[in-house]
Amino acid sequence: MEYTMVDFPKHKKLILFDGVCNLCNASVQYTIKRDKHDVFRFAPLQSSVGKQIIETYRVDTNKTDSIILYTPSSGVSYKSTAALKIASQLSFPNNLMVIFLIVPAFIRNWFYDYIAKNRYRWYGKKDACMLPTPDLKSKFLE
């Protein structure tokens, strides 16, 4: 099924990730293993729902191209704020990372941007978006 923002369940959160980035794909796998309350769903930024959210919220993909957290009730978060909000929903001790939200975003995002800028060089890149295994398919929108 191809989802739109309208179809997305109001009680879930959607993580949009760079589908060809090895680091991003590893982060998705890490999140799935620690998402004990089944909060998250996933879609590549390159997907139709990803493009729809980017367009609706006017996200500049030249400045934010690696992770976006979409919550139907509050819109989008990106970069380090998205990563920390995601971590806050994971199992202990990952949820303790939320404490870093007290650090100003411009400082957190400097570190985030440095990693994001180098992620392909350090971790590699796939030719196509990751395909979920059959048992994880329900967590992915496309």
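The structure reproduced in this document is the subject of the present report. All values reported here derive from a predicted model rather than from experimental measurement.

**A word on the packing of helix α3 (residues 79-88) against helix α4 (residues 105-123)**
Part 1: Relative to each other, α3 and α4 sit at 90°, their axes nearing to 7 Å. Relative to α4, the element α3 lies roughly perpendicular. In this structure, α3 uses Lys79, Ser80, Thr81 and Leu84 to contact α4, whose residues at the interface are Ala105, Arg108, Asn109, Tyr112 and Asp113.
Part 2: Residue classes in the contact of α3 with α4 are distributed as three nonpolar, three polar and three charged.

**Re the sheet that holds strand β3 (residues 67-71)**
Part 1: Taken together, the four strands give an open sheet; going across it, the order is β2-β1-β3-β4, and neighbouring strands pair in mixed fashion. Of all strands in the sheet, those bounded by a partner on one side alone are β2 (40-44) and β4 (75-78). Neighbour-to-neighbour, the strand axes of this sheet turn through a mean angle of 25°, independent of strand direction.
Part 2: As judged from the five bridges shared by strand β1 (residues 13-17) and β2, these two strands associate in the parallel manner. Counted as the bridge partner of Leu16 is Ala43 from β2.
Part 3: In the packing of helix α2 (residues 48-56) onto the sheet, contacts are made with β1, β2, β3 and β4, and the angle to β1 comes to roughly 100°.

**Let's talk about the pairing of β4**
Part 1: With four bridges joining them, β3 and β4 adopt antiparallel strand pairing. When the sheet's bridge partners are listed, Thr71 is paired in β4 with Gly75.

**Regarding the layout of surface pockets**
Over the atoms a probe the size of a water molecule is rolled, and this reveals where empty space is left.
Part 1: The volume enclosed by the largest pocket comes to roughly 760 Å³.
Part 2: Together, 26 residues line the largest pocket, and Ser27, Ile67, Ala83, Met97 and Tyr112 are the ones closest to its centre.
Part 3: Where the lining of the largest pocket is concerned, the elements lending two or more residues are β1, α1 (22-34), α3 and α4.
Part 4: Sort the elements by how many residues they give to the lining of the largest pocket and α4 lands first, with seven residues.
Part 5: Broken down by class, the residue content of the lining of the largest pocket amounts to 19 nonpolar, five polar and two charged.

**Some details on the nonpolar core**
Part 1: Membership of the largest hydrophobic core comes to 18 residues, with the highest contact counts inside it found for Ile15, Phe40, Phe42 and Phe140.
Part 2: Contributions of two or more residues to this core are made by β1, α1, β2, β3, α3 and α4.
Part 3: Considering every element that reaches this core, the biggest residue donor is α1, with three residues.
Part 4: The residues touching Phe40, leaving out its near neighbours within four places in the chain, are Lys13, Ile15, Thr31, Asp35, Leu69, Ile86, Gln89, Leu90 and Lys139.

**Some details on the packing of aromatic side chains**
Part 1: Tallying each qualifying case throughout the model produces four aromatic pairs.
Part 2: Taking the centre distance of 5.0 Å and the plane angle of 90° together, the rings of Trp110 and Phe111 count as edge-to-face.
Part 3: Pairing Trp110 with Tyr114 gives two aromatic rings, centres 6.1 Å apart and planes at 5°, and the pair type is stacked. Of this pair, Trp110 and Tyr114 both sit in helix α4, four residues apart, which is roughly one turn of the helix.
Part 4: Looking at Tyr114, the relative accessible area reads 42%, which means it is partly exposed.
Part 5: Cluster of aromatic residues (ring-pair linked, three or more members): Trp110, Phe111, Tyr114 and Trp122.

Rules and cut-offs
Residues numbered from 1 in each chain as written. Predicted model: local features only at pLDDT ≥ 70, side-chain atom pairs only at ≥ 80, totals over all residues. Heavy atoms only, no water. Axes fitted to C-alpha atoms, helices over the stretch in contact; angles between N-to-C directions. Helix = DSSP H or I, 4+ residues; strand = E, 2+ residues; numbered from the N terminus. Parallel < 35°, antiparallel > 145°, perpendicular 65-115°, else oblique. Contact = heavy atoms within 4.5 Å. Nonpolar A, V, L, I, M, F, W, Y, C, P; charged D, E, K, R; others polar. Pairing = 2+ DSSP bridges. 1 Å grid on protein atoms, 1.4 Å probe; cavity = no way out; pocket = protein on both sides within 12 Å on 5 of 7 lines; lining within 4 Å. Points joined across faces, edges and corners; volume = space filled by probe spheres on them. Core = buried A, V, L, I, M, F, W, Y, C linked by side-chain atoms within 4.5 Å. Buried < 20%, exposed > 50% of the residue type's maximum accessible area, 1.4 Å probe, protein only. Phe/Tyr/Trp six-rings, centres within 6.5 Å; stacked < 30°, edge-to-face > 60°.

Limitation: the analysis is restricted to geometry and does not speak to function.
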